[in-house]
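Read off the chains here:
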Amino acid sequence: MVLSYYLLKVPYTITWNVLNFFNKTEGIMLYCANTLDYQIFSEVQKHLPPLKILAKDKKAQQELLAIGVKSKVYPAFPKAVIMCRQAGYKFPVSSMIKIGMRHGAYTFKPFANSKGYNLLDYFYMTSSTEVKRAEKVGIKCGLAIGFPKLDPAFNGEQSTEYTEKLKTTIGINKNKKTLLFTATWNDSGVAAVDVWFDKLDAYTDEFNVLVTVHPWTDPKIKQTIQNTPNVYFIDSADVVPFIQISDVCIGDTSSILAECCALDKAIITFKVDDGKRTVKEVKQMIADFSIQIDTAEELMAAIRVSLETPKQKEKQRARANKIMFDELDGKAGFRAAEHIKSIFPELQ
């Protein structure tokens, strides 16, 4: 458990209980550490009355305001809180209802401390398999809902008209195939961004090149990518539309691979050594649903194979999807909202 939990517990609990006694708590709030949290929850929010937004700090508040979202800055004392992470330690009141949900599909890294998860009453996971994995390490609050972030790709919101407009907006050359490069945090020990970030110009003549990296990625790496001519750096919380317009997705161990798999894209991954963040069954699943390579020199040949035989790993992707997502039906946000309304009748 983080130290701040113990430092906050007594004063926060006393204040919350006094406010609750006089019916002065601030209702049900959505806690956002960044705009990604807000974007992920948006597919749930569509099925609920508007929730008050609680920003982690002033920086998060300004980021939210930049996208037109007004918020209050933590600390606050809500009746209940929903979050796209497991930050229950910030709300150390046992009688406050706390709901968490995943900001990345499935669990590509080891589960965090079970005590942190179990501060929450419910944590929405992407599949029943994930819930069972969580239970094995002592997490008791898991509930299989799906992955709301993917809903627009399956419920018609992101139609062909939508994706064609996106292609025009970002300058996609329709005479070229499109590659999407993605990577987890470069200091995670299980990333491969160092292999390719400074070699993207080798692909821009023949392909449209899109890139998304982990938010914590070294700024120097980001800058090199952004300075590479004819590379589109995705500076958006929602990568799903960009996956949709891509022909081949190239990555390492990032959970964005789960989204690429869900959208049945040809996938190439760089092999990485085992590290503290390695999950053996996930590593094997990645090896099954992707073409794996060791070096940048192998990438062009793998791209050509992927374009010539895009269905090569189709069965493996379908099998992985059954593990990571019980249903890809565009209704995960609805299921989450229905569960929330069952707990809070005032949201009906």
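Residues numbered from 1 in each chain as written. Predicted model: local features only at pLDDT ≥ 70, side-chain atom pairs only at ≥ 80, totals over all residues. Heavy atoms only, no water.

Restricting attention to buried positions, one finds in helix H13 (residues 299-308) the residues Leu299, Ala302, Ile303 and Ser306. End-on view of H13: buried residues confined to an arc of 105°, all on one side of the axis. Buried residues belonging to H13 abut strand E8 (177-183), strand E9 (207-213), strand E11 (248-251), strand E12 (266-270) and strand E13 (291-293). (Buried < 20%, exposed > 50% of the residue type's maximum accessible area, 1.4 Å probe, protein only. Helix = DSSP H or I, 4+ residues; strand = E, 2+ residues; numbered from the N terminus. Arc of directions from axis to C-beta. Contact = heavy atoms within 4.5 Å.)

What follows is about the sheet that holds E13. In space, the 6 strands of this open sheet follow the order E10-E9-E8-E11-E12-E13, with parallel pairing throughout. Whereas interior strands pair on both sides, the edge strands pair on one side only; in this sheet they are strand E10 (231-233) and E13. Across the sheet, the axes of successive neighbouring strands diverge by a mean angle of 20°, strand direction being ignored. Summarising the sheet, E8 and E11 pair through 3 bridges and their orientation is parallel. (Pairing = 2+ DSSP bridges. Axes fitted to C-alpha atoms, helices over the stretch in contact; angles between N-to-C directions.)

Helical geometry: 3.6 residues make up each α-helical turn, so side chains three or four residues apart lie on a common side. The end-to-end C-alpha distance of helix H15 (residues 332-343) is 17 Å, a good match for the 16 Å that 12 residues give at a rise of 1.5 Å each. Of all the residues in H15, the buried ones are Ala332, Gly333, Ala336, Ala337, His339, Ile340 and Lys341. For H15, the secondary structure elements touched by its buried residues are helix H2 (35-45), strand E4 (80-83), strand E5 (97-101), strand E6 (122-125), strand E7 (142-144) and helix H6 (151-154). (Expected span 1.5 Å × (residues − 1).)

It is worth spelling out the pairing of E8 at this point. Burial analysis of E8 places 6 of its 7 residues in the buried class, which makes it a mostly covered element. Pairing of E8 with E9, which is carried by 7 bridges, proceeds in the parallel orientation. Along E9, the bridge assignment pairs Ala183 with Val213.

Its place among the elements puts Asn208 in strand E9. With sequence-adjacent residues up to four places away left out, Asn208 is seen in contact with Ile172, Asn173, Lys176, Lys177, Thr178 and Leu179. Here Thr178 takes part through its side chain, which lies 3.2 Å from a polar atom of the side chain of Asn208. (Polar contact = N/O pair within 3.5 Å; in protein donor to acceptor, adjacent residues only side chain to side chain.)

Glancing now at the pairing of E6. Direction of pairing for E5 relative to E6: parallel, over a ladder of 3 bridges. Residue pairing for E6: Gly100 is matched across the bridge by Phe123. Of the strand pairs in this sheet, E6 and E7 are connected by 3 bridges, and their pairing is parallel. Each residue of the ladder has a partner; that of Met125, found in E7, is Ala144.

This part takes up the packing of helix H12 (residues 280-289) against helix H14 (residues 314-324). With their axes 8 Å apart at the nearest point, H12 and H14 run at an angle of 150° to one another. Between H12 and H14, the interaxial angle falls into the category roughly antiparallel. Both H12 and H14 take part in a crossing whose hand is left-handed. In contact with Met285, Asp288 and Phe289 of H12, H14 contributes Gln316, Arg317, Ala320, Ile323 and Met324. Looking at side-chain class alone, the contact of H12 with H14 contains 5 nonpolar, 1 polar and 2 charged residues. (Parallel < 35°, antiparallel > 145°, perpendicular 65-115°, else oblique. Left-handed = near helix turned anticlockwise from the far one by under 90°. Nonpolar A, V, L, I, M, F, W, Y, C, P; charged D, E, K, R; others polar.)

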